[in-house]
Amino acid sequence: MRLTIFSISGDLGHLLKAIWHAFTALDVDKSGKVSKSQLKVLSHNLCTVMKIPHDPAALEEHFRDDDEGPVSNQGYMPYLNRFILDKVQDNFDRIDFNRMCWTLCARKNLNRNHLLISDDDAFKIWCIFNFLSEDRYPLVMVSEEIEYFLRKLTEAMGGSWIEEKFEEYKLQLSSKQQCLNVWELIELVGMGHFSKGMDRQTLSMGINEVFQELILDVLKQGYMMKKGHKRKNWTERWFLLKPNLISYYVSEDLTEKKGDILLDGNCCVESLPDKEGKKCLFYVKCSDKSFEVSASDKKKKQEWIQGIQTCITLLKVGRPAPHHEARQKRRELRQKQQAEQEELELRMRELQTANENKQRELEAMRKKLEEAAANAAEEERRRLQTQSELQDLYRVEMEKEKMVRQQMEEQVAQKSSELEQYLQRVRELENMYHRLEEALEEERQARQDEETVRKLQARLLEEEVSKRAELEQIHLYQQQTISQTQAEKQELERERLAKESALQSAMQQLQQLEADRWGALEQYEEVMKKLADAANNTKSWKDKVAHHEGLIRLIQPGPKYPQKITNWGPAAFTETELSLREKDWQEKKNRPPTPQ
């Protein structure tokens with residue numbers, strides 16, 4: 001049978017802990033299951049000690065076998081709740097109940113070797129463990145409750161608590177998750193780790209005192225003199241103070257009980273002056289009678305008055321005994337600290353996730369910048385390659401033009417004897433050709449400068465657009481960041497300052513790009529002006545060359561091949577150069593106007 005504890009609360013929770021120990025002891029192979037015959041014995045013993053009528057037929061009916069052999073899969077807890085715990089009355093001895101469960105589990109788990117305590121002391125530690133252990137299974141006692149118990153035990157033995165010694169022991173508990181089970185606690189106390197220098201009798205008395213306070217709810221005990229109601233004589237009695245009554249016995253062995261003083265919210269306790277030769281007097285006034293008591297000294301008197309008044313106050317407001325309330329407060333504090341720790345860990349995980357997201361964003365931005373730099377380098381390489389190709393083409397054209405010029409010079413040299421009157425004009429024509437080449441060179445250079453400036457302007461415009469988009473993205477992210485919750489205000493303030501710095505840097509870069517673009521525009525206008533001047537100069541020289549060529553053409557022999565006629569005259573350009581100029585003119589005609 002699997003013992004599944006659904007909830008632990010109040011007195012039933014304390015009963016369930018003891019039953020859990022007994023059930024676990026019957027689980028021989030530690031599988032979480034117990035045979036039906038063993039459960040019958042356990043249930044019968046529980047009913048006997050808790051004074052509940054036992055119904056064996058109900059147990060048989062509840063644990064009927066359904067094709068799985070002698071072990072049922074229905075669980076023991078529903079039966080325990082329905083047929084035992086729901087019928088529990090407050091008319092049985094809790095000590096007998098605990099001792100029955102202790103007998104079942106101690107037989108299997110208690111190791112008596114090298115223990116300085118008796119079985120009865122071990123049983124009392126077992127009961128204290130059930131009281132202080134956490135409300136979860138398997139049952140364990142956390143380090144805070146261990147310290148509380150050891151402090152109580154040390155005070156009961158009259159010793160002094162050594163904080164450093166317990167701190168060293170807590171370091172050893174780290175591997176066990178800062179907790180002990182009941183058998184480890186019994187071994188810790190029974191081996192005398194925290195009671196060195198104390199004899200066995202002192203240790204046993206300390207365990208008994210803590211047991212009486214935590215389990216039997218004995219808040220104070222001791223000998224005092226009590227005045228009789230009939231004969232009015234003073235008799236020494238052993239008094240026990242509990243949350244709702246004061247019991248008095250003949251002696252401290254508690255064998256002969258003489259009476260009880262029932263306490264409620266209407267009772268009161270007051271000090272009395274000395275009389276009849278008795279000192280340190282006080283009386284407890286109840287609804288039906290009053291009791292006069294004499295303590296041994298003033299300190300004891302004050303302690304008893306304070307203890308009784310505390311019980312009356314707790315009864316008046318309906319609060320539990322001090323050690324019950326202290327245990328509940330410690331548990332609530334641990335639960336609160338655990339919740340805060342979990343919330344802190346969740347917050348740390350969220351911050352770590354946000355940091356990882358930021359790292360990924362920065363990495364993506366870095367990759368984009370690297371890609372942009374690679375694209376810019378590739379664009380520069382293509383531009384240099386195009387420029388190199390144009391320079392090679394220009395050299396080829398110059399070579400061709402030089403060959404044509406040499407051929408013309410040879411023809412003129414051959415006819416120099418016949419054309420002496422035209423030698424001066426031919427020299428002037430050669431000089432004009434040189435100037436024409438310079439003008440063409442200036443025009444080509446101006447066009448190359450124009451192309452360079454145009455590409456620079458386009459790249460600056462692209463960078464300006466990219467920076468504007470980045471600026472807008474940063475501004476949008478800044479607005480989103482500002483709208484986050486008030487709890488992250490300080491962190492967001494730091495991020496906002498960083499973003500404002502990045503925004504300021506981006507604004508400066510944008511202003512620099514605008515300044516560079518205007519500089520490029522001014523360079524472009526200067527190049528266009530130079531290009532216009534070079535074009536006008538080229539046209540002027542071409543007109544002059546055409547005019548002189550017309551003068552020479554009047555007397556030179558007719559060509560044997562068809563000539564190209566342009567507005568600069570016949571044979572002013574080669575066919576290749578003329579086709580390039582025509583292509584360039586068509587591109588300019590189809591190109592949209594450049595934005596200013």
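Predicted, not measured: the structure shown is a model, and the values here were computed from it. (Residues numbered from 1 in each chain as written. Predicted model: local features only at pLDDT ≥ 70, side-chain atom pairs only at ≥ 80, totals over all residues. Heavy atoms only, no water.)

A. Structural view of the packing of helix α7 (residues 143–156) against helix α8 (residues 163–173). It is the contact of α7 with α8, at a shortest axis distance of 12 Å, that shows an interaxial angle of 145°. Between α7 and α8 the crossing geometry is right-handed. Here α7 contributes S143, I146, E147, L150 and R151 to the contact with α8, which in turn contributes E163, F166, K170 and L173. Across the contact of α7 with α8, the residue classes tally to four nonpolar, one polar and four charged. (Axes fitted to C-alpha atoms, helices over the stretch in contact; angles between N-to-C directions. Helix = DSSP H or I, 4+ residues; strand = E, 2+ residues; numbered from the N terminus. Left-handed = near helix turned anticlockwise from the far one by under 90°. Contact = heavy atoms within 4.5 Å. Nonpolar A, V, L, I, M, F, W, Y, C, P; charged D, E, K, R; others polar.)

B. Seen up close, the nonpolar core. Ranked by internal contacts, the top residues of the largest apolar core, which has 70 residues, are L46, F97, W102, W126, F149 and I186. Once you skip the residues sitting within four places of it in the chain, W102 turns out to touch L110, D119, A122, F123, W126, W183 and I186. In this structure, M224, L241, A295 and I308 belong to the second largest nonpolar core, which totals 21 residues. (Core = buried A, V, L, I, M, F, W, Y, C linked by side-chain atoms within 4.5 Å. Buried < 20%, exposed > 50% of the residue type's maximum accessible area, 1.4 Å probe, protein only.)

C. Up close: unusual backbone geometry. In this structure, the amide linkage connecting Y137 to the following residue, P138, adopts the cis form with an omega of -5°. Within the element layout of this structure, P138 appears in the loop between α6 (119–132) and β1 (141–142). Non-glycine residue D217 carries a positive phi angle of around 60°. At K232, a position not held by glycine, the phi torsion is positive, near 60°. Tracing the backbone shows K232 in the loop between β3 (220–227) and β4 (234–242).

D. Representation of the pairing of strand β5 (residues 245–249) within the structure. Summarising burial for β5: five of the five residues are buried, a large majority. The side-chain alternation of β5 yields two buried faces, one formed by L245, S247 and Y249 and the other by I246 and Y248. Where β4 and β5 come together, five bridges link them in antiparallel fashion. In the sheet register, K242 faces β5, and the bridge partner there is L245. Where β4 hands over to β5, the hairpin turn is made up of two residues, counted between the paired strands. (Pairing = 2+ DSSP bridges.)

E. Inspection of the sheet that holds strand β7 (residues 268–272) at higher detail. With antiparallel pairing, the seven strands of this open sheet are ordered in space as β6-β5-β4-β3-β9-β8-β7. With partners counted over all chains shown, the strands left at the sheet margins are β6 (257–262) and β7, one partner each. Mean inter-strand twist for the sheet, computed between neighbouring axes without regard to direction, equals 35°. By the bridge criterion, five bridges tie strand β8 (residues 281–285) to strand β9 (residues 290–294) in an arrangement that is antiparallel.

F. Summary view of the packing of α6 against helix α9 (residues 182–190). Remark: α6 packs on α9, axes separated minimally by 10 Å, with the N-to-C direction vectors making an angle of 130°. The orientation of α6 relative to α9 falls into the category oblique. Crossing geometry of α6 relative to α9 is assigned as right-handed. Contact residues: A122, I125, W126 and F129 in α6; V182, W183, L185, I186 and V189 in α9. A per-class count over the contact of α6 with α9 returns nine nonpolar, no polar and no charged. (Parallel < 35°, antiparallel > 145°, perpendicular 65-115°, else oblique.)

G. Inspection of the confidence of the model for the protein at higher detail. Across the protein, the average pLDDT comes to 81, with 89% of residues at or above 70. With pLDDT under 50 throughout, residues 1–10 is counted as low confidence; its partners more than four residues away or in other chains account for 34 contacts. Predicted confidence is poor over residues 66–74, with pLDDT under 50, and the contacts of this stretch with residues over four places away or in other chains come to 12 contacts. (pLDDT = per-residue confidence, 0-100.)

H. Seen up close, empty space enclosed by the protein. Evaluated as defined, the whole model comprises three cavities of 30 Å³ or more. Its volume calculated, the largest cavity comes out at about 50 Å³. If you go around the largest cavity, the residues you meet are L150, L153, M157, L188, V189, H193, F194, S195 and L203. Sorting the residues of the lining of the largest cavity by element identifies α7 and α9 as the ones contributing at least two each. Its residues assigned to classes, the lining of the largest cavity shows seven nonpolar, two polar and no charged. (1 Å grid on protein atoms, 1.4 Å probe; cavity = no way out; pocket = protein on both sides within 12 Å on 5 of 7 lines; lining within 4 Å. Points joined across faces, edges and corners; volume = space filled by probe spheres on them.)

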